[in-house]
Amino acid sequence: MATRASIKISDSDGNFIANIYHHYDGYPEGLGQKLIDICDSGTMVNGLSAGSDTQFNGFNDLACSIVFELKEHSGNGRVYLNNESDYGQCGEDYLYEIIENPNHNRSAGIVLNGKPLVLVENMNGETELVSEILERVSNV
């Protein structure tokens, strides 16, 4: 049985960038961990520089890298780009949101040193940081 999920990517002003539908393994320990790994795999920069470290040339480049990584590791027919209006309308079990976070999220009081916020809404309508779910699960 598929554990379907969608990933909405938004900039720090709330503007829509992408909606990625992921058909299998959408649970936080699978897709949620993968999203954190992708976001943590490089440094956000404004203009690429020489070096072997992974760099994201702005938040839109990170969004492209997320699509690429998910397609590369998921196989054919499992990852799709959808419209913003499709978010939450495809029978998803989990709804993820990745929000550009250059300094901090003022409304939530969360500081992540420039890393994007990776949030998930579960089937009960509860939203929380994926990292908090993974920490809680690892302590069980």
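Here the residue numbering is sequential within each chain, running from 1 through the sequence in written order. Local features in a predicted model are, by the rule used here, given only for residues with pLDDT of at least 70; side-chain atom pairs are given and counted only at 80 or more, and totals for whole chains, interfaces and linings are based on all residues. For side-chain calculations, the full set of non-hydrogen atoms in the structure is used, while hydrogens and water are omitted.

Draft legend 1. Layout of the overall build of the chain. In this description a helix means any DSSP run of H or I spanning at least four residues, a strand means any run of E spanning at least two, and both kinds are numbered starting from the N terminus. Each helix and strand counted, the chain has three helices and ten strands in total. Secondary structure of the chain in N-to-C order comes out as β-β-α-β-β-α-β-β-β-β-β-β-α. Only protein chains enter the accessibility calculation, which uses a 1.4 Å probe; a residue whose area is less than 20% of its type maximum is buried, one above 50% is exposed, and one in between is partly exposed. Looking at the 140 residues of the chain, the share that counts as buried comes to 37%. Contacts: residue pairs with any heavy atoms within 4.5 Å of one another. In the chain, the share of contacts with a sequence separation of at least 24, taken over all contacts with a separation of at least 6, comes to 55%.

Draft legend 2. How the structure looks around the sheet that holds strand E2 (residues 16–22). Only strands joined by at least two bridges in the DSSP assignment are considered to pair. One open sheet accounts for six strands, arranged E5-E2-E1-E6-E9-E10; its pairing is mixed. One side of each edge strand has no neighbouring strand; the edge strands of this open sheet are strand E5 (79–82) and strand E10 (127–129). Recorded for the sheet is a direction-independent mean angle of 25° between the axes of neighbouring strands. Relative to E2, strand E1 (residues 5–10) runs antiparallel, the two being bridged by six bridges. The axes are straight lines fitted to the C-alpha atoms, using for helices just the contacting stretch, and the angles between their N-to-C directions are given from 0 to 180°.

Draft legend 3. Broad picture of the side chain of His22. Note that His22 resides in strand E2. Using a relative accessible area of 7% as the deciding quantity, one classes His22 as buried. A distance of 2.7 Å separates a polar atom in the side chain of His22 from the backbone oxygen of Tyr24. What His22 contacts, discounting residues up to four positions off in sequence, is Thr3, Arg4, Ala5, Leu31, Leu70, Ser74, Arg78 and Val79. Any pair of N or O atoms that falls within 3.5 Å is considered a polar contact. Within protein, one atom must be able to donate a hydrogen and the other to accept it, and sequence-neighbouring residues count only if both atoms are side-chain atoms.

Draft legend 4. Spotlight on the nonpolar core. Nonpolar cores were defined as sets of buried Ala, Val, Leu, Ile, Met, Phe, Trp, Tyr and Cys residues, with membership established by side-chain atoms within 4.5 Å. Counting residues in hydrophobic clusters, the biggest one holds 25 residues, and the most contacted among them are Ile7, Ile9, Leu35, Ile66, Leu70, Tyr96 and Ile98. Among the elements of the structure, E1, E2, helix H1 (28–40), helix H2 (59–74), strand E6 (94–99), strand E9 (117–121) and helix H3 (130–138) are those that each provide at least two residues to this core.

Draft legend 5. Up close: the packing of H1 against H3. It is the contact of H1 with H3, at a shortest axis distance of 10 Å, that shows an interaxial angle of 130°. It follows from the interaxial angle that H1 and H3 lie oblique. The way H1 lies across H3 gives a crossing that is left-handed. Contacts between H1 and H3 involve Pro28, Glu29, Gly32, Gln33 and Ile36 from the first element and Val130, Ser131, Ile133, Leu134 and Val137 from the second. Taken together, the residues of the contact of H1 with H3 break down into six nonpolar, three polar and one charged. Reported orientations rely on four angle classes, namely roughly parallel under 35 degrees, roughly antiparallel over 145, roughly perpendicular from 65 to 115, and oblique for the rest. Here is the rule for handedness: rotate from the far helix to the near one, and if that takes an anticlockwise turn smaller than a right angle the crossing is left-handed, while a clockwise turn gives right-handed. Polar here means any residue outside two lists: the nonpolar Ala, Val, Leu, Ile, Met, Phe, Trp, Tyr, Cys and Pro, and the charged Asp, Glu, Lys and Arg; Gly therefore counts as polar.

Draft legend 6. Spatial organisation of the pairing of E9. Of all five residues in E9, four are buried, a share of seventy percent or more. Here E6 runs beside E9; their pairing, made up of five bridges, is antiparallel. Its bridge partner being in E9, Glu97 is matched across the sheet by Leu119. Where E9 lies against E10, three bridges are found, and the strand directions are antiparallel. Pairing of Leu119 across the sheet is with Leu129, part of E10. In this antiparallel pair of consecutive strands, E9 and E10, the connection spans five residues, and Gly125 shows a positive phi of 80°.

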